[in-house]
Structure formats: structure tokens, C-alpha cells
Amino acid sequence: MIPDGISDRYDIVQILQETAATAVLIVNYKKIGALRILKAIHRAHPNAHSILSEAHLLQGIKSSQIPTIISVEDTDEMYYLVEEYVEGQSLREYLLDTTITKETLLNIAISLCNVIEALHNADGGPILYRDMKPEHVILQNDTVRLIDFGIAVRKSEAAKARPLGTINWAAPEQLKAGPLDERCDVFGVGKILEYMLNNSFEKDDYRLRKLVSQATDEDIQNRIKSITILKNRLLELQGKTNKKYADKRDLCKKIAVVGTSHAVGATRIAINMCRFLNKKGTDAYYKDEKGNNVHNLMENFDGAKIKDGILYHDNFRGILNYGEAVETQKPPKGVYLIDCGVDMEAALDCDKIIVIAGGALWQKQCFPDWIGDKTVTLIGNMSGKLSMIKLAKSLKKKVYMYPHSTSIMGLSKEEERIIQKILQDEKLCY
Amino acid sequence: MSTKNLKFTKQNKKIVGVIGASPKMGVTHLSLSIANFLCSALKKKTLYIELCDDSQLLAVVGDRQINFDDHTGFLYKGVTYVLACDVDEAMQLIDSWEGFIVVDFASYSKTNSIVFQRCDTRILIGSMTPWCQRNVYQIATKLKGDCMEDISYINLKNDKSERVLIKKEFKWNAFVRPIIDNPFRLKESDFEPLIQIIK
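Here is what the cut-offs are and how they apply
- Residues numbered from 1 in each chain as written.
- Chains lettered and ligands numbered in written order.
- Predicted model: local features only at pLDDT ≥ 70, side-chain atom pairs only at ≥ 80, totals over all residues.
- Helix = DSSP H or I, 4+ residues; strand = E, 2+ residues; numbered from the N terminus.
- Contact = placed C-beta atoms within 7 Å.
- Pairing = 2+ DSSP bridges.
- Axes fitted to C-alpha atoms, helices over the stretch in contact; angles between N-to-C directions.
- Right-handed = clockwise from strand over helix to strand, strands pointing away.
- Parallel < 35°, antiparallel > 145°, perpendicular 65-115°, else oblique.
- Left-handed = near helix turned anticlockwise from the far one by under 90°.
- Nonpolar A, V, L, I, M, F, W, Y, C, P; charged D, E, K, R; others polar.

In this section: the overall build of chain B. If you tally the helices and strands in chain B, you get 7 helices and 9 strands. Sequence separation of at least 24 residues holds for 70% of the intrachain contacts in chain B that already meet a minimum separation of 6.

This is the structure we're talking about:
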């Protein structure tokens, strides 16, 4: 239904959508000859006030990436909203004939996170966009803009909102009318990220794949908790960490140490690397993500000290995983040696990965698909030279042999030599 | 903080009992602090037994009910709580639980003295102020027949003369009560005094 009484000001250029009671038009504002979007709805329509609420929602958002609302007007029959016409190409159109690079992908994704972050931090409480899909992401040269806020809703009113959204793009809890929060938009951005990844040269980038799976986890509890966290993870991938880390970028690395099977010595190597780095003057901290290794060390180290959640003993520094009833400690700055046990998935969150392989014939070694990646270092431990040569040939990758150690608590000269070589060759933290 | 006093953590099982000489001495506050310290700071499997008829803690820790070994408990911030427990159940739990146990005695009596005797670390909170002194002597009399030895006496204020008096009169080691703002949100500075009491 095309609204009456607008012809004095607007010329209709294109009808984008028309039903008996609604219309979305591209119009030309005669006075200045500018294109605008006019959304009209009949007063009798049950959703007649949605136009007003869309206008109210967009008012408090501080972002140039969303369309500007120009006016909300009414005639005897209709309400209509006039907003800026966002020129450009939609992401879907763009990716129809373009394969993008990782750099472009990250730029678009981070830009999209910025606009969603602005919505989630809007005056008057977070706004949930709920309608993320490639058609709504408009690319204007270097700028990414988001359009169509028709089903956006304030978080405080999300419980009363109708379960709207696009199948395959909207979060499952949104379509099932479950309780909604900001994580429904994390899911949306994750889907866009996945769509871009499938149309990029980096289809097999395991870090991006991991990020997509974490952002689009169907179980809301396991999903990335906020758009800011997702943005920071993307910035880390882009190599532009937050300013507060920028000064010490080289000293703020997470190095995962992960074993191909149990009892290959991943913990020992991680602890010894931590000792070595501290001995050489680099602040390094051992962290056991899932276990209580640092607590066990605390019981067994003589003369150790605890301060700010860190266990200090000679050159060793370990982060204590306190439980919920102890005040959270501020994580120190430095290199983190993350002991991932045999959890290859956990290792993917780190900047560099050191995989420890054993050589015992009875041990089943599980090598991940990404073992060949240049950010992954392979160390053979407790194994013979011949088996390591065979391993290097089969994986087509350099294998460092970790020396046999006789010392339980210390760091032998041979261990120091090989750790120094690994750290320098692989540019892990120098 | 030094780790030299943490040798007791190598034990697989340790029972800590806390009693008060007078009411409102902070028995529950200290018991909760110890239990949360053992669980969250030292990562020990910890059971909290509230030995009383009516639970004071249900509203605080009772969100997540669990069942184990025919007992009903509540899990809160890693600690397992068995609330409003009687002596028989407490004794069963002490026998079966593999880990650290903190027993919060609402009041010490002949009936529950058997539980206190089973404790490896026995803590008595009291005050030798004139209006509370009688209570300390009364509970000392009660303890004389049961387990007078190895009591850690906690006095409410940092009064050296009181500690000397306690040592002389009862041969108890006296400690100053640690000031812990929130037993569910411990600070590292709370650890050292708690270790001194538990070890």
C-alpha cells in the first residue's frame, strides 16, 4: 500500500516491498534531490507502532554505521518513517563473485562487531539486533553499515518480543522464543564470519574455524559471552591487540604446550620453558588451564612464595587457579606457557602451539590436521632419534628432540640449549 | 605468603571442628572461611557439616542440591554442605568422606562431643572479657573429660595477656581471630592466619 499525501515532498523511485498494509520504498526527497528510504505502515496494522519503536531504538545509538532516522510522520491512514538510504553493495552480492582475503574478512568482521557493540552499549539499555544476515550488511568502500532494524528490540523487552528471525541465521534460542541476551547477536556475527570464511582464501584457517564454532555454539552457555570478547579475539588474529597490550606485544604471548598423548612430558617441558625464560629475564608464567598442577607444585616446592595468585619458586612462576571463593587476581603481563594436557582444541586459543610427541610404540599419537601450520612447533620427547626422523619425514615437519633429563626439579644445560634453540628458531618470544 | 606451612595439605583427610565458648563468637564465619580456603585456595575436596537442629545457611548455600552416599547436600562454590546435621549423620560422613571436613558446632554438648573428639584440629573461639570469661571456664570444664588437649584457642582481640593466661590456665595455643570480610570472597591476605589455625 503506497501512502497518500507524500507526493508533494517525495517521488517514488523504487518499491522494495509492498503488502496490503505496509510498504518500503526508495524515494527522492524533492527539495534537495536526495534518496531516502520510506517505510510506511497502516494505522490499523497490529504492528503499526513498530515504526515508532524502531525510531526510538535507533535514537540512542552512537554509531555512524547505522542509518540516520530523518523523520517519523503520519497521515490520516498511515505512519511512516523516513531514514537515510544506505548506498552500497550487500555482503551477499559482494561475495557472489569475490573471494576475500583474511585481512578483508577480519576488517569486515571487526567493523560489524563495532556496530553491534554500539547497539549493546546504547543509551537506555542494550539493543538486540536479531536480524544478522549478509543482505543486511552493506559495504561502502571501507565502511561496513548495518541496515533494517525492523525486529531489533531492547534487551529489557526481549522476553515479550515475538520469536522472529531468519532460519539458518538467527540464534536457536531466538527462534524458539527462549530467553534472549546479547549472545543472540554474537551468534549472528559468528554466522556472518562463517559465511565470509567459506568465501575466502582462508577456508581452512583453524583459528578462524574455532572462533566461528565458539561464536555459533547452539548451547548459549558455551557461546562467546559478548561481542566485545569476539571483537578482541578478531583483533588478536589481526595482530592488533588492545592498546594496553601494545607496548608489550612481544611479551604478551600465549604459547600452548600440548601432548599427542598422555605421559609424553608436556607439563615438564612447559614448566622448564617457563623456568628458562624467567632465567633469561623474560616474565613467563606457567598456567595449567584445566588441572591443578600449580597447586600440586605449591605443596611440593620448598620455600616457595605466593603473591597475587602466582606461585614463585626459583625461576618458576605459576598461575594458581583459585576457586570461586577467592578474589579474582589481575593476570600479570608476560609470556604464558599454557599446559593444555592433550586437549588440542584448547591449544587453538593460543598464539603459538608447541606439540609434544612421544616415541613409545605402545602410545597412540594423535596429530591434529593443523600440525603443518607454521605457528606450530613439534618436539619429540622420551623417544629415539630414528623414530623422530621417521616422524619428521611422515609429517614433513622439523622435529626438535628434547634431551633426556636426570634432574627432577632443575633445568639441565642440554635442556637449556635445546629450549633456547627452539625459542629462537621458531621466534616464539624473541 | 610462604608455602612452608602447607605441609598439612599433603594429607588426604583432615577434620577441623569449630566451637564457640559463648554464642555469637563467629563460629560459622570462621568455619565457612576455613572451608572456602581449603576448597578454593588449596583445591581440596571439602565437606562442611553444620551440626545443629535448624540450618542458618540454607538460604545462602542451598541453591544446588546434590545427593551422595545416601546423604543430601548442597554444592556452593565447590564446597559440599550438609546442613542441619545430627550426630549420627555427622559420624557417618566423617567415616565415609575422602577429603577435608569442617564441622560447624552450633553449640558444644555432651551429645556432640563425640564428633569434636574425632576432629584433628579443634578450634575454640572465646573471649576472656569479664562478661564472657565464665563461658570459657565452663566449656573448659566440659572439655576436660573429653578432649582438653590440642585445642587452638581463638580470641577475639589481639590481647597478648589473654593469650598468656589461656596458655597458663588451659595449655591451649592461642591465636588472634583473623579478620575476614567475606568468607565467600577470600583475599590472599586471609590465607596466612587461616593456615596458622588449621595446621
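Further notes follow.
To continue, consider the sheet that holds strand β3 (residues 34–42) of chain A. Residues and elements named next belong to chain A. Strand order in the open sheet made by the 5 strands is β1-β2-β3-β5-β4, with antiparallel pairing throughout. The open sheet terminates on both sides in strands that have one partner only, identified here as β1 (10–18) and β4 (69–74). Averaged over all neighbouring strand pairs, the angle between strand axes comes to 25°, with direction disregarded. Of the strand pairs in this sheet, β4 and strand β5 (residues 78–84) are connected by 5 bridges, and their pairing is antiparallel. Residue pairing across strands places I69 opposite E83, the latter belonging to β5.

Okay, the pairing of strand β9 (residues 173–176) of chain B next. All names here are of chain B. In this structure, strand β8 (residues 151–155) lies alongside β9, joined through 4 bridges in parallel fashion. Bridge pairing in β9 places N155 opposite V176. Note that the unit made of β8, helix α6 (residues 160–170) and β9 has a crossover that is right-handed.

All names here are of chain A. Between helix α5 (residues 183–198) and helix α6 (residues 206–215), the least distance of the axes is 8 Å, while the angle of their chain directions is 150°. Looking at the two axes, α5 sits roughly antiparallel to α6. The element α5 and its partner α6 pack so that their crossing is left-handed. Taken together, the residues of α6 that come into contact with α5 (itself represented by V186, F187, V189, G190, L193, E194 and L197) are L208, L211, V212 and A215. For the contact of α5 with α6, the residue count by class is 9 nonpolar, 1 polar and 1 charged.

Moving on: the environment of E93 of chain A. Looking at where E93 of chain A falls in the secondary structure, it is placed in helix α2 (residues 91–96). In sequence terms E93 of chain A and P134 of chain A are 41 residues apart; their C-alpha atoms lie 8.4 Å from each other.

Across the contact, 16 residues belong to chain A and 20 residues belong to chain B. Of all the secondary structure elements, the ones that give two or more residues to the side of chain A that touches chain B are α10 (293–300) and β13 (305–307) of chain A. The greatest single-element share of the side of chain A that touches chain B, amounting to 3 residues, is contributed by α10 of chain A. When grouped by side-chain class, the residues that make up the side of chain A that touches chain B number 7 nonpolar, 4 polar and 5 charged.

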